[in-house]
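One-letter residues, chain by chain:
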Amino acid sequence: MTRRLRPALLGALVIPALGAAAYADPQGNWREYNGDKTASKYSPAPTVTKDSVKGMKVAWRWPMPDNELAASNPDLRTWVNEGTPLAIDGILYSSSPMNFVSAIDGATGKTLWTYDPRTYDDGSPPNLGFLSRGLTYWEDGDDKRIIVGTGNAYLIALDAKTGKPIESWGDKSRIDLTKGLRRPVLREHMMVASPAIVCGGVVVPSVLILDSFAIGRPPLQSHAPGDVRGFDVKTGEEKWVFHAPPQEGEPGNETWEGDSWKTAGSMNMWARPGCDEEAGIVYLPLSTPANDFFGGHRKGNGLFGESLVALDVKTGKIAWYYQIAHHGLWDYDLPTAPNLMNLKVDGKDIKAAVQVTKQGFVFAFDRLTGEPIWPIEEKPVPQSTVPGEQSSPTQPFPSKPLPYIQQGATEDDLIDFTPELREEAKKILNRYHYGPLYTPPTTEKAGTLLVPGLLGGASWVGAPHNPKTNVLYVHSYMLPFATKLKKEIGSAYDYTGTWAGVGGPKGLPLFKPPFSTVTAIDMNTGEHLWRIPAGRGPVDNPEIKHLNLDRLGVPRMSHLVLTENILFLAPDGTYSVTGLSNRGTAIVAQATKDEPEPMLYAHDAKSGELVSELKLPGAAFGALMTYKADGKQYVVVPTGGAGVPAELIAVQVD
């Protein structure tokens, strides 16, 4: 199957190189959720060295302003604290799980102001509960604004100096994202978790639409479409709408058989997009059409599901697109913004968009035309035997870089520390239908084992890159998931899927270590440079403690931030495997306080060598960031939530 690619529609636009201003501020600011609009998660921070991090210490702790509200109102369920602050001129701007926005003195941790959007007036969002990953900052001269997206599907513009709503923006400071859609959506089925991006004066929000099924409720008869909209940053006026799925007469509509495009939903952009300001392009990482695991009602490849789509940010028109997975059946959403890098490949300068995926691939494109930098081959994959399903006969496999995680499952991949553990692992594996990557969901046995699991591989934490060296640091972890289809009666879908994380014997993972890794990739060549375990891992498990093993990697994701000399890594506090209900809400029960202790690790960015470590007061749950205030460099770790008090922990690292 040929790749799905559109020619550029930017006409004769002169496109300069991506300027230095697009990257993290050399003055020590952290202006964007991902550090900058290129998603580098990088700050030069020259004072942070292998010597300085040996003395890193907690400088201050800041409790989230909605902790008391959450504790006294158990019906207001919060997700873990994934809120990563911004830093501008020594002031941090933070969002809490319930979308409280605060300004904080970056040197002392003192609160300057707090704004309460009263998101809780609409009750808890279903399944996840309240969740916020961060904020958006924009300035034009003295006009400085904070934009917050809420759990009840609003965008709100605030004055960054005072925290007061900007009444002239939208409808009295707010844009209601449930309005203006071509199909109605319940407020409880939509939320804003990842912060919007401002690109070329246009606010492009990331919207999470319920794409599976609420726990304890029957399947939805339809899901809202995943349309992406752009709004004027100064007024809040809607500028354009990108339709997902595409409407009749639009590019990609032909990939939906029959009239399925009229009813298909989701394929929304819940991850944050990327932005090339000078080219005037915004890059949309899109997700799987509903429902995630069965597509008999949406036959065809189904653009723009699981696609990277480049839009002219002024018009919303397609510049180019590439579908990463055809007719998705695995919930392999594109989980993070593409890394925008200026590469030199075989002596040729290439402005690149580099997309990491849950599947364990890195896809690299010319970000102006969409042409792959290295060949991508359509290869045959296993086919579904479920009645009514028509899975895609092929899927795209990039030739470079090589995968950074195990793909698919065989007996040879099973844990084998001892013969007894291996035999138990075989019994667990044989409960499931398993095979290579893209083995489709089934009704048989205990379901199909997805490897990597539907949380990745790479995940929403993203992948830092150094814009000087073009080294990409990809974190991945191995948590297989089982998906099983069940027959539905009286539903819009013939089948729906359940899913659950799958562990191994005696509290250990099912497959061989490392259980999570960081892989350094030279994106000028596409070659792997080194790979290290991410964290210590379960080396003290009673079944293997006697083996005196070195670091194995924690069996869950980790959060990364990069400086010129040091790669910081904090393992996530999520339990590695729990009993899950049909949507998996229980995957986060609470912040762990052991197995292992919450840590911040400092690695040599050039070699991966572990240089230093610091025990933290709480485990990380949100993306790390770094900034400078009063001449000192800090790394901030979001912790807590989901029943544990949420905090920001600032660590001095120079």
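Residues numbered from 1 in each chain as written. Predicted model: local features only at pLDDT ≥ 70, side-chain atom pairs only at ≥ 80, totals over all residues. Heavy atoms only, no water.

## Things to note about helix α2 (residues 419-429)
Along α2, the positions that sit buried rather than exposed are Leu421, Arg422, Ala425, Ile428 and Leu429. One side of α2 carries all its buried residues, which in axial view fall inside an arc of 115 degrees. Exposed residues pointing more than 90 degrees away from the buried face of α2 are listed as Pro419, Glu420 and Lys427. Turning to α2, the residues buried within the fold contact β26 (448-450). (Buried < 20%, exposed > 50% of the residue type's maximum accessible area, 1.4 Å probe, protein only. Helix = DSSP H or I, 4+ residues; strand = E, 2+ residues; numbered from the N terminus. Arc of directions from axis to C-beta. Contact = heavy atoms within 4.5 Å.)

## Section: the side chain of Asn291
Counting through the fold element by element, Asn291 comes out in the loop between β18 (281-285) and β19 (307-312). For Asn291, the side chain forms a polar contact with the main-chain nitrogen of Phe294, separated by 3.0 Å. (Polar contact = N/O pair within 3.5 Å; in protein donor to acceptor, adjacent residues only side chain to side chain.)

## Notes on the packing of aromatic side chains
Under the defined criterion, the tally for this structure stands at 20 aromatic pairs. Ring plane angle 40 degrees and centroid distance 5.0 Å describe the contact between Tyr322 and Phe365, whose orientation is recorded as tilted. Of this pair, Tyr322 sits in strand β20 (residues 318-323) while Phe365 sits in strand β23 (residues 362-366); the two residues are 43 residues apart in sequence, bridging distant segments of the chain. Note on Phe361 and Phe363: the rings are 5.8 Å apart at their centroids and 80 degrees apart in plane angle, and the pair reads as edge-to-face. Neither residue differs from the other here; Phe361 and Phe363 are each classed as buried. Here Lys487 stacks its cationic end above the ring of Tyr495, 4.9 Å away from the centre of that ring. It is Arg551 that lies over the ring of Tyr601; its NZ or CZ is 4.5 Å from the centre. (Phe/Tyr/Trp six-rings, centres within 6.5 Å; stacked < 30°, edge-to-face > 60°. Lys NZ or Arg CZ within 6 Å of the ring centre and 35° of its normal.)

## Points about the sheet that holds strand β22 (residues 348-356)
Backbone hydrogen bonds are what pair the strands of a sheet, in a parallel or an antiparallel way. The strand order across the open sheet built from 3 strands is β21-β22-β23, with neighbouring strands paired in antiparallel fashion. In this open sheet, the two strands that pair with only one neighbour each are β21 (339-345) and β23. Strand after strand, the sheet turns through a mean of 40 degrees between neighbouring axes, direction not considered. Pairing analysis gives 7 bridges linking β21 to β22, with the strands arranged antiparallel. Following the sheet pairing, Asn339 is matched in β22 by Val354. (Pairing = 2+ DSSP bridges. Axes fitted to C-alpha atoms, helices over the stretch in contact; angles between N-to-C directions.)

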